[in-house]
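Now for the letters of each chain:
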Amino acid sequence: MTTLMQLKCVDLRFGRVTALSQVDLKILAGQRIAVIGANGSGKSTLLRVLHGLLRPSAGSVLRDSAMRQAMVFQRPWMLRASVWSNVALSLWIRGRRWREAKEQALPALARVGLSELALRNASTLSGGQQQRLALARAWALRPDVLLLDEPTSSLDPHAKREVEALMEEFARDGMTLVFASHNLGQVKRLATRVIYLEQGRVLADLPVQEFFNGPLLARTSREADLFLKGELA
Amino acid sequence: MNSFFDSAATALSLMIHFDPALVAIVLRSLAVSSASCAIACFLGMVLGAWLGVARFAGRGALLTVLNTLLALPSVVVGLVVYLLLSRSGPLGFLGWLFSFKAMILAQSLLVLPVATALTHRAVEEADAHHGEQLASIGARPLLRSLLLGWDERHVLLTVLIACFGRAISEVGAVMIVGGNIDGFTRVMTTAIALETSKGDLPLALALGAVLLLVVLVLNALIALAGRWHGSAADLPPLARTAA
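What you see is a predicted model; the values in this text were computed from it and never measured.

Conventions and cut-offs
- Residues numbered from 1 in each chain as written.
- Chains lettered and ligands numbered in written order.
- Predicted model: local features only at pLDDT ≥ 70, side-chain atom pairs only at ≥ 80, totals over all residues.
- Helix = DSSP H or I, 4+ residues; strand = E, 2+ residues; numbered from the N terminus.
- Rg over C-alpha atoms; globule rule 2.2 N^0.38 Å.
- Buried ≥ 20, exposed ≤ 12 C-beta atoms within 10 Å, placed from the backbone.
- Contact = placed C-beta atoms within 7 Å.
- Pairing = 2+ DSSP bridges.
- Axes fitted to C-alpha atoms, helices over the stretch in contact; angles between N-to-C directions.
- pLDDT = per-residue confidence, 0-100.
- Core = buried A, V, L, I, M, F, W, Y, C linked by C-beta atoms within 7 Å.
- Parallel < 35°, antiparallel > 145°, perpendicular 65-115°, else oblique.
- Left-handed = near helix turned anticlockwise from the far one by under 90°.
- Nonpolar A, V, L, I, M, F, W, Y, C, P; charged D, E, K, R; others polar.
- Bend = angle between axes of the 7 residues up to and from the residue.
- Right-handed = clockwise from strand over helix to strand, strands pointing away.

The number of helices and strands found in chain A is nine helices and nine strands. For 233 residues, the compact-globule formula gives about 17 Å, and the C-alpha radius of gyration of chain A, at 18 Å, lands near that figure. Considering only C-alpha atoms, chain A reaches an extent of 55 × 35 × 35 Å along its principal axes. Split into buried and exposed, the 233 residues of chain A put 44% on the buried side.

Structure follows, in structure tokens:
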């Protein structure tokens, strides 16, 4: 499989706080990678480093030059403009003409089932609709890698299922997914590979079956044992 | 007591009958303050939005100076503009002293820090909350500041109205640089000061009432702006054509 991104010995420090330490990993095309760990373990920071929003204090981030990537946040934010314009905006920023961007935004809205709300003010949408809109905004860019920072953690069960279904469809279309999650059920449903972080270090990087069936991690760390039992989620 | 009621009655009559002297002064006031507010808000909002997202050495010091300028007394602005425009001053060649243009310049300088500081605060806060998501779709700082400014347009409308209020209600700067010349540079605030000192209370009261009315309308507009959280309007051409 093609390597799309690679982190080599990445450290990230905020003052005296170490957010990531000696992180080495490769993102391979077609994988569905879940990044898990307790609060403050460095999941969101890792995704931000992968997306280029944060620069490592040490180490390097290598990207395939032809690769496109997008990111979806836990609480998506939209401009107080129409749903349609919000999707077109991301395309326009990446170099499309405005008219072209508006045209290309329509299939993205249809993809997530928001065509009927195209002219609504995006800030009036429900949480689930806003997350679907964020997915449309990301999908419109046709990314090879989609990074999602706890995309369903603030949603009700129905909206959560809708977002998970879209993530599955995107993955089936060949998109590589890297998502942070606290929801172990979701990780089992969606991921093919699990990265477990503890205090900014990668403690485990395993295929999903191996991660949940092997006793390796629980023996290595008491915190990991508690996390897997759902007591630190 | 009688003189107050007599004056108030005469003032009311002046307003009802659209007294030409009163109307001329009111229109001149509105023209000076609108022009200065438009100039200061355009410059101040662009500068404030940029300061809200830009990070550079000396930014903290610049913001401290900016916040200090918020408390700038209008007479000090008047004095500085007077010295700049006086015959021996560096801008004396313009010949603007005691003119409409001098009053607009003085009020613009007075309002500029207000527009800049308030816009900076609004955009900086918006950037702290949402800037990362705009950066994640590739928006660079200049575009981010424009988009955040557009998104905070209801706040910026309040800033605009507050700036107009500051401009139209000041007296010191326009008195010094305009000279309060009848039919030429006399505006509401300078006229009130003069007519009161002359004892022509009805005209002063009528002007005071109009000034209060203008402030009342501004407050109503601010309240309406607070309720306006945007529509599903498309993005403005400014944001779409930005580099």
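More follows now that the structure is in view.
Moving on, we come to the overall build of chain B. Looking only at helices and strands, one finds eleven helices and zero strands in chain B. What you see in chain B, going N to C, is helices and strands ordered as α-α-α-α-α-α-α-α-α-α-α. Here the C-alpha coordinates of chain B stretch approximately 70 × 45 × 30 Å along the principal axes. The buried share of chain B, taken over its 243 residues, is 41%. Residue pairs at least 24 apart in sequence account for 80% of intrachain contacts in chain B once pairs closer than 6 positions are excluded.

On to the sheet that holds strand β1 (residues 3–14) of chain A. All names here are of chain A. The strand order across the open sheet built from three strands is β2-β1-β4, with neighbouring strands paired in antiparallel fashion. Only two strands of the sheet have a single neighbouring strand rather than two, namely β2 (17–28) and β4 (58–63). The sheet shows a mean angle of 15° between the axes of neighbouring strands, direction not considered. Alignment of β1 against β4, held across five bridges, turns out to be antiparallel. Paired with Met5 across the bridge in β4 is Arg63. Here helix α1 (residues 43–51) sits on the sheet in contact with β1, β2 and β4, set at roughly 55° to β2.

Glancing now at the confidence of the model for chain B. Residue and element names in this part refer to chain B. With 92% of its residues at a pLDDT of 70 or more, chain B has an overall mean of 89. Averaged pLDDT values over the elements of chain B bottom out at 49 in helix α11 (residues 237–241) and peak at 97 in helix α4 (residues 74–85). The ipTM, which scores confidence in the relative placement of chains, is 0.87 for this predicted complex, and the corresponding pTM is 0.81.

The next subject is the environment of Glu164 of chain A. Residues and elements named next belong to chain A. Summarising the element assignment, Glu164 is placed in helix α5 (residues 157–172). Taking the C-alpha atoms as reference, Glu164 lies 21 Å from Met78; in sequence the two are 86 residues apart. If near-sequence neighbours (up to four positions away) are discounted, Glu164 is found in contact with Thr152, Gln186, Arg189 and Leu190.

Val35 of chain A together with Ala106 and Cys163 of chain B are the most contacted members of the largest nonpolar core, which totals 130 residues. The element best represented in this core is helix α5 (residues 100–136) of chain B, accounting for 17 residues.

With that out of the way, let us pick up the packing of helix α2 (residues 20–53) of chain B against α5 of chain B. All names here are of chain B. With their axes 5 Å apart at the nearest point, α2 and α5 run at an angle of 30° to one another. Judged by the inter-axis angle, α2 sits roughly parallel to α5. In this structure, the crossing between α2 and α5 has a hand that is right-handed. Residues that form the contact of α2 with α5 fall into these classes: 21 nonpolar, eleven polar and two charged.

This next bit is on the environment of Leu47 of chain A. Residue and element names in this part refer to chain A. Following the sequence through the fold, Leu47 ends up in helix α1. In this structure Leu47 comes out as buried when scored by C-beta crowding, with 22 C-beta atoms within 10 Å. In contact with Leu47, not counting residues within four places along its chain, are Val35, Met71, Leu147, Asp149, Val178 and Ala180.

On to α5 of chain B. Residue and element names in this part refer to chain B. When the local axis directions of α5 are compared, the greatest deviation, roughly 65°, occurs at His130. Among the 37 residues that make up α5, 28 are buried, leaving the element largely enclosed by the rest of the structure. With its phi angle positive at about 100°, Gly138 sits one or two positions after the end of α5.

Residues and elements named next belong to chain A. Strand order in this open sheet of six strands is β5-β6-β7-β3-β8-β9, and the pairing throughout is mixed. Every other strand in the sheet has two partners, leaving β5 (69–72) and β9 (201–207) as the edge strands with one partner each. Each strand of the sheet is rotated relative to its neighbour by a mean of 15°, with strand direction disregarded. The pairing of strand β6 (residues 145–149) with strand β7 (residues 176–180) spans five bridges and is classified as parallel. Its bridge partner being in β7, Leu147 is matched across the sheet by Val178.

Residues and elements named next belong to chain A. Most of β7 sits out of view: five of its five residues are buried. Pairing of strand β3 (residues 32–36) with β7, which is carried by four bridges, proceeds in the parallel orientation. Bridge assignment links Ala34 to a residue of β7, and that residue is Phe179. Handedness of the crossover joining β6 and β7 through α5 is recorded here as right-handed.

A word on unusual backbone geometry. It is generally the case that most residues other than glycine have a negative phi and that most peptide bonds are trans. The residue Arg142 of chain A is not glycine, and still its phi comes out positive at about 50°. Tracing the chain through its elements places Arg142 of chain A in the loop between α4 (127–139) and β6. Located in the positive-phi region is Phe98 of chain B, a residue other than glycine, with phi close to 60°. When you line up the elements, Phe98 of chain B lands in the loop between α4 and α5. A residue is classified by how many C-beta atoms lie within 10 Å of it, and Phe98 of chain B, with 17 of them, is partly exposed.

Right, let's talk about the confidence of the model for chain A for a bit. Summing up the model confidence of chain A, the mean pLDDT is 93 and the portion of residues at 70 or higher is 97%. Put simply, helix α8 (residues 216–220) of chain A is where chain A has its lowest mean pLDDT, 65, and β7 of chain A is where it has its highest, 98.

In this section: the environment of Arg193 of chain A. Residues and elements named next belong to chain A. Here Arg193 is to be found in strand β8 (residues 193–198). As for Arg193 and Val178, which are separated by 15 residues in sequence, their C-alpha atoms are 9.4 Å apart. The contact partners of Arg193, leaving out residues within four places of it in the chain, are Gln31, Ile33, Pro207 and Val208.

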